[in-house]
Amino acid sequence: MTALADLREGVRFDPATTTAFEACRLAQLDLAREDPRVVSVEADLGDCWGLEFRERMPDRFLDFGIAEASAVGAAAGLAMGGKRPFLNTFGTFALMRAAEQVRLDICYHRAPVVIAGMFTGIAAGFSGPTHHAIEDVSVARALPNLTVIAPADAVQAYDATRAAFAHNAPVYLRLGVEPGPQVYDAHESFEIGRGRVLREGSRLTIVTCGVTIVPEVLKAAERLGDVEVIDMPTIKPIDRELLVRSASRTGRVVTVEEHSTIGGLGSAVAEVLAEHAPVPLRRIGLPDAFVKEIGDYAEQLRRFELDAEGVERQVRAWVS
Amino acid sequence: MVNDLAERARTLRKHVVHLAADSPGAHVGGSMSVVEILTTLYFDGVLRVDPADPARPGRDRLIFSKGHSSAAYYAALAEAGFFPVSELDTYKKTGSRLAGHPHTGVPGVELATGSLGHGLPVGVGLAMAAQAQGLPSRVFVIVGDGECQEGSVWEAAMAAAHYQLDNLVVIVDRNGIQEDGPTEEIMALEPFADKWRAFGWATVEVDGHDVGELSNVLHEVPLTWSRPTAIIAKTVKGKGLSFSENTNAWHYGHLSADLKQQALQELGGAS
């Protein structure tokens, strides 16, 4: 599949082997070519797919070294001064190390900074718990003025990056790190706040988001039969209308996410359903615990039953 | 001119007294110590800002990072014409925009501050943006000395020197006393000026209550091309009132009617 290569001149990457973060970087580079205000704010992780930007736009590749509080504060200052910064670092460093700078400098002032978080979830399998971000969505959702988006694949990550830029307000992009199977055709438009029904069904609704997880859920749904699958890339503001409509029709909802079941997509869905369409709900995600075992990403997903088989097993156990 | 500035400073101090007496309380110590710094910036033609158009593009930016000293800051903004002086009476009252810590809902306030250690990193970003766009805008950041115990201050100090931000000026209100006691007892900062020099800043120490000295330096910045400027303003915590000078007892407090009267007398009569 080379849908993105067809989309525009100048962009050439194979979505099947491209990570969401890499696609986000490519979108940033394209935006930088189109808009002189775009800058890349870095905290010494530029070699994670940022080198092309550094090579092509050295004056706009602003590295602050291993100093996230300063990088986040400066990103806010750059935005207040008329620039359009993308802040590129690991999700856990931006949203937890520098949480208060994100809260006050970016969110309070509604500074148009796009925080591109990589190594989110447990994708950093061998790196260990210091590099996992299993609570980032919970932190991000609680911050006023912050839009939270977890794209499902490289194509959606590219489109979501452009949408986040156009949004002109604080956005957190949750991008994982591993290339995952593709879900989207490049020609589908991305709209912040809109979920998408990927598969229609009547017995159960599965709401999900994120790289690798969405395709795993789709595989599980094939085996489960008559179930609906909704991709909900915008976790905040969540597509309440779609959620309520689907839940009211199927009468049962499962959420699947690569995040703690506290505060993430499952919680966001629970909040909506409890108030607007109370139906039985099962949240599938990571337990409220640090992930101490290391392993490759696929093995980690198996361990936490977030692969297709694990999701199928958990759903069957719940509905039976 | 110096006499005019001294008179301005006295006016600001009287406002601080009123705010600390007519509200639940104010950060008296740090407000009194920063008065001449604010006076020189706003009333000696240093800051290129327009109270009639606070968001004018290309303006200088003042970031008041030691936001707890809002009483002095609001007094300066009001006297400079950003909002009516009469509005000072609403300080920390229900419905007022004059909160204990400044926020951008107040005309002239560039950054919501009070959580310490935020001003300098944001100032770095603003200075970089101005340089990249070729704007004449300069960024002045007023920080407290205790605030310089925050690591983010030094992260930003590194970045400012690295990016050669000679349009960035930090002014440290070096009053030597933080909430719990003398800085050198709580968490020593000395050799303080040497630290800034070591981080690559053009650094100068001045008497932070001498408006003439402050004026000379502030009109001279950048002190060295391609380097950010650090002005260590040596001040007295609680300056101007016999009972509040050089003590952390008046880091924060409410002035009783008696103390208010005494304070105004010490400052040269009621206003």
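Please read all numbers here as calculations on a predicted model, not as lab measurements. (Residues numbered from 1 in each chain as written. Chains lettered and ligands numbered in written order. Predicted model: local features only at pLDDT ≥ 70, side-chain atom pairs only at ≥ 80, totals over all residues. Heavy atoms only, no water.)

Q: Mind showing me how you'd approach the layout of surface pockets here?
A: Residues and elements named next belong to chain B. Here the largest pocket is characterised by a volume of approximately 290 Å³. Every residue lining the largest pocket is counted, 19 residues in all, and those nearest its centre are His68, Leu116, Gly146, Glu147 and His251. Partitioned by chemical class, the residues of the lining of the largest pocket number two nonpolar, ten polar and seven charged. (1 Å grid on protein atoms, 1.4 Å probe; cavity = no way out; pocket = protein on both sides within 12 Å on 5 of 7 lines; lining within 4 Å. Points joined across faces, edges and corners; volume = space filled by probe spheres on them. Nonpolar A, V, L, I, M, F, W, Y, C, P; charged D, E, K, R; others polar.)

Q: Would you explain the nonpolar core in this entry?
A: One broad trend across soluble globular proteins is that nonpolar side chains are buried collectively. Of all hydrophobic cores here, the largest spans 76 residues; its most connected members are Phe64 of chain A together with Leu120, Val124, Cys148, Leu168, Trp196 and Trp201 of chain B. If you count residues domain by domain, this core takes at least three from each of domain 1 (3-174) and domain 2 (196-319) of chain A. Beyond its immediate chain neighbours, meaning those up to four positions away, leucine 120 of chain B contacts Ser65, Val141, Val153, Ala156, Ala157, Leu168, Val170, Trp196 and Trp201 of chain B. Formed by 61 residues, the second largest nonpolar core is a distinct cluster that contains Phe53, Phe86, Ala123 and Val171 of chain A. (Core = buried A, V, L, I, M, F, W, Y, C linked by side-chain atoms within 4.5 Å. Buried < 20%, exposed > 50% of the residue type's maximum accessible area, 1.4 Å probe, protein only. Domains from an automatic or database assignment. Contact = heavy atoms within 4.5 Å.)

Q: For this particular structure, what's the right way to read empty space enclosed by the protein?
A: Vacant regions in the atomic arrangement are exposed by a probe of water-molecule size rolled over the atoms. All names here are of chain A. Within the structure shown, the criterion is met by two cavities of 30 Å³ or more. Here the lining of the largest cavity gets three residues from one element, more than from any other, and that element is strand E11 (residues 253-260). For the lining of the largest cavity, the residue count by class is nine nonpolar, five polar and three charged. In terms of domain composition, the lining of the largest cavity takes at least three residues from each of domain 1 (3-174) and domain 2 (196-319). Quantified by volume, the second largest cavity comes out at close to 60 Å³. (Helix = DSSP H or I, 4+ residues; strand = E, 2+ residues; numbered from the N terminus.)

Q: Could you clarify how one ought to interpret the interface of chain B and chain A in this entry?
A: By a widespread convention, an interface's size corresponds to the accessible area lost as its parts come together. Taken together, the contact between chain B and chain A spans 21 residues of the former and 21 residues of the latter. Between chain B and chain A the total buried area reaches about 1700 Å² when both faces are included, carbon and sulfur atoms providing 62% of it. Contact with chain A buries area across many residues of chain B, yet His118, Glu155 and Tyr163 of chain B alone supply 28% of it, more than any other trio. Our enumeration of links across chain B and chain A arrives at zero salt bridges. Summed over the shared surface of chain B and chain A, the number is eleven residue pairs in polar contact (both at pLDDT 80 or more). Among the elements of the structure, helix H5 (119-132) and helix H6 (151-162) of chain B are those that each provide at least two residues to the side of chain B that touches chain A. Considered class by class, the residues forming the side of chain B that touches chain A number twelve nonpolar, seven polar and two charged. (Buried area = accessible area lost by both parts, 1.4 Å probe. Salt bridge = Lys/Arg side-chain N within 4 Å of Asp/Glu carboxyl O. Polar contact = N/O pair within 3.5 Å; in protein donor to acceptor, adjacent residues only side chain to side chain.)

Q: How should helix H4 (residues 70-80) of chain B be read in this particular structure?
A: Helical geometry: 3.6 residues make up each α-helical turn, so side chains three or four residues apart lie on a common side. Within H4 of chain B, nine of the eleven residues are buried, which leaves it mostly tucked inside the rest of the structure. Note on H4 of chain B: the residue one or two positions beyond its end, glycine 81 of chain B, has a positive phi of about 105°.

Q: Even after reading the chapter, I still don't get the packing of aromatic side chains, so can you show me in this structure?
A: The way to describe two aromatic rings as a pair is by their centre distance and the angle between their planes. Taken as a whole, this structure holds 16 aromatic pairs over all chains when the rule is applied. With a centroid separation of 5.8 Å and 45° between ring planes, the pair formed by phenylalanine 64 of chain A and tyrosine 163 of chain B is classed as tilted. On the criterion of chain membership, the pair formed by phenylalanine 64 of chain A in the loop between strand E2 (61-63) and helix H4 (68-80) and tyrosine 163 of chain B in the loop between H6 and strand E3 (168-174) is interchain, its members lying in two chains. An angle of 50° between the planes, with centres 4.9 Å apart, marks the rings of tryptophan 154 of chain B and phenylalanine 199 of chain B as tilted. One end of the pair, tryptophan 154 of chain B, is in helix H6; the other, phenylalanine 199 of chain B, is in the loop between helix H8 (192-198) and strand E6 (202-207), with 45 residues separating them in the sequence. Assessed through its relative accessible area of 29%, phenylalanine 199 of chain B is described here as partly exposed. Counting every residue linked through ring pairs, the aromatic cluster contains Trp154, Phe192, Trp196, Phe199 and Trp201 of chain B. (Phe/Tyr/Trp six-rings, centres within 6.5 Å; stacked < 30°, edge-to-face > 60°.)

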